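As a plain string of letters, each chain reads:
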Amino acid sequence: MENVRVELGPRSYDVRIGSGLLPRLGRFALNLYAGRKGGRAVVIADSTVARLYGKSALASLAAVGFDSRLIRLRAGESSKTLATYGRLLDRLLSFRPPIDRSTLIVGLGGGVTLDMAGFVAATALRGLDFLACPTTLLADTDAAVGGKTAVNHRAGKNLIGVFQQPRGVLIDVDTLKTLPRRQIANGLAECVKHAVIRDERLLAFIESNVPAILACKPAAMTRLIAWNVKIKAAVVSADEREAGERAHLNFGHTIGHAIESAVGYDKIGHGEAVSLGMVAACELAVNRGLLSREDASRVHDLLECLGLPVKRRGLNPAALWRIMLRDKKNRGGKVRMVLPVGLGKAKIVDEITKEEFLLCCVVHGIKIRED
Ligand SMILES: NC(=O)c1ccc[n+]([C@@H]2O[C@H](COP(=O)([O-])OP(=O)(O)OC[C@H]3O[C@@H](n4cnc5c(N)ncnc54)[C@H](O)[C@@H]3O)[C@@H](O)[C@H]2O)c1
Ligand SMILES: [Zn+2]
């Protein structure tokens, strides 16, 4: 088992990672409240995760004296709405006896569930304690750490939410065994991202453990997740509210988000889009002399080994450019992007030009159509 401390002064918390941890959820929750016996715990999970792990979570909480309940939401991104948020609150506020400020909310599931459950916890009765129990690799390495909660709006993704850190995070790597391969790949894209922007040794670790990682071997996953949580925790500790350094986590995401938006969120996985975005951003970095061709090839080849796409036909780079320009951070017809500076470091570049972007798209195999 590994423990990573997220240092945020009075809001610091532990992330515990290992095999066989879900049955110890109750103990972990109880330890957060030294001396208190039980109380109320409400687990929020989507229908799939509730079916797989709901019983185990509830039993573990009940075993240490929590009066534990479960609220389900429909699985999938389409649940991340104000309407679902309202329904979760309706359920939560209809419990008898009523919940009070000592009620603990446990988010059990992927990023969708954690974003929703975190938002519910942050706002119900002006704020309840929140414990995150991620069950996807993306949530383990990204969504569970950092305190961002959100729901989507028709004007865009994640537009409504608050920053509220959890009281603790419990990651049972055994839950990854039931996760579809495509979801594993989503998380792996974020792992490669962390390696490129912060730690070349993590890149080497992934390179030498591809089979164990793809097979979700508990030892390899514990090490991989702990390493990524450490990186995300360090970035968040330095810049909790994304005033500067936290923006490095957007590496691969400016182009990735444009690809998701152009292709359709239901037609391409987030990790797949970010993989393409990282390959393109590496290409831009090579053109600017920030990254060697060998290093860009290392990233490209690793993504490919992990089963992530590095090329996609049928994308229109000029259309992608127009989507990227919509971001309000961009000025004067140029786009802001995070580029790697060697492997293990990154910087924000404000003035990427359209010509530069189109050129890199040709090199990296996005097929250009007449615009
Ligand atoms: N708050 C943050 O900092 C942050 C960071 C990254 C992403 N996100 C958000 O996270 C969301 C994406 O997260 P996600 O990819 O985890 O999506 P998700 O929560 O929708 O989970 C993906 C699918 O996997 C299923 N699932 C979850 N755990 C499982 C398991 N162990 N076994 C079998 N099936 C399982 C779910 O039911 C769902 O169908 C997006 O909404 C994104 O905006 C938030
Ligand atoms: Zn991402």
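Residues numbered from 1 in each chain as written. Chains lettered and ligands numbered in written order. Predicted model: local features only at pLDDT ≥ 70, side-chain atom pairs only at ≥ 80, totals over all residues. Heavy atoms only, no water.

I'd love a proper account of the side chain of T175, names of residues and values included.
Note on placement: T175 falls in the loop between β9 (168-172) and α6 (181-198). On the accessibility criterion, T175 (4% relative accessible area) is buried. Not counting the four nearest positions on each side in its chain, T175 is found in contact with Y53, P134 and T135. (Helix = DSSP H or I, 4+ residues; strand = E, 2+ residues; numbered from the N terminus. Buried < 20%, exposed > 50% of the residue type's maximum accessible area, 1.4 Å probe, protein only. Contact = heavy atoms within 4.5 Å.)

Account for α6, with residues named and values stated.
Compared with the 26 Å implied by 1.5 Å per residue over 18 residues, the 26 Å span of α6 between its first and last C-alpha is a close match. Across the 18 residues that make up α6, a large majority, 14, are buried. (Expected span 1.5 Å × (residues − 1).)

Lay out the site of ligand 1 with the relevant residues and their values.
Around ligand 1 there are 25 residues in total, and D46, E77, T135, T136 and T178 lie nearest to it. D46 is positioned such that a nitrogen or oxygen atom in its side chain is 2.7 Å from an oxygen atom of ligand 1. Side-chain polar atom of E77 to an oxygen atom of ligand 1: 2.7 Å apart, as the coordinates give it. For ligand 1, whose unbound accessible area comes to 860 Å², protein coverage reaches 87%. When contributions to the shell around ligand 1 are tallied by element, the ones reaching two or more residues are α2 (47-63), α4 (111-123), α5 (137-143) and β8 (156-160). No other element matches the four residues that α2 contributes to the shell around ligand 1. Residue composition of the shell around ligand 1, by class: eight nonpolar, nine polar and eight charged. (Near = heavy atom within 4 Å. Polar contact = N/O pair within 3.5 Å; in protein donor to acceptor, adjacent residues only side chain to side chain. Areas by Shrake-Rupley, 256 points an atom, 1.4 Å probe, with all protein chains shown as cover. Nonpolar A, V, L, I, M, F, W, Y, C, P; charged D, E, K, R; others polar.)

Requested: an account of the packing of α6 against helix α9 (residues 218-238), with residues and values cited.
At a closest axis distance of 10 Å, the pairing of α6 and α9 adopts a crossing angle of 55°. The angle between α6 and α9 falls in the class oblique. In this structure, the crossing between α6 and α9 has a hand that is left-handed. Residues L188, E190, C191, H194 and R198 of α6 touch α9, and the partners they reach there are L224, N228, I231, K232 and V235. A breakdown of the residues in the contact of α6 with α9 according to their chemical character gives five nonpolar, two polar and three charged. (Axes fitted to C-alpha atoms, helices over the stretch in contact; angles between N-to-C directions. Parallel < 35°, antiparallel > 145°, perpendicular 65-115°, else oblique. Left-handed = near helix turned anticlockwise from the far one by under 90°.)

Residues and numbers for the pattern of salt bridges, please.
Tallied over the full model, the rule gives 19 salt bridges. Note that K80 is salt-bridged to D115, the shortest N-O span being 2.8 Å. In this pair, K80 sits in the loop between β4 (66-73) and α3 (82-93) while D115 sits in helix α4, placing the two residues 35 residues apart along the sequence. Just as K80 is buried, D115 falls in that class too. Across the pair R293 and E283 runs a salt bridge, and its minimum N-O distance is 2.7 Å. On the criterion of sequence distance, the pair formed by R293 in helix α12 (residues 293-305) and E283 in helix α11 (residues 270-287) is long-range, its members being 10 residues apart. Since its relative accessible area comes to 39%, R293 is described here as partly exposed. (Salt bridge = Lys/Arg side-chain N within 4 Å of Asp/Glu carboxyl O.)

Quick one: what's the story with the pairing of strand β2 (residues 13-18), residue by residue and with numbers?
Of all six residues making up β2, five are buried, and the element is well covered by its neighbours. For strand β1 (residues 2-6) and β2, the ladder comprises five bridges, and the chain directions are antiparallel. Counterpart to V4 in the pairing with β2 is V15. Hairpin connection, β1 to β2: the antiparallel pair is bridged by six residues, and G9 has positive phi, about 55°. (Pairing = 2+ DSSP bridges.)

Everything listed here is a matter of coordinates, which is why it stays silent on function.
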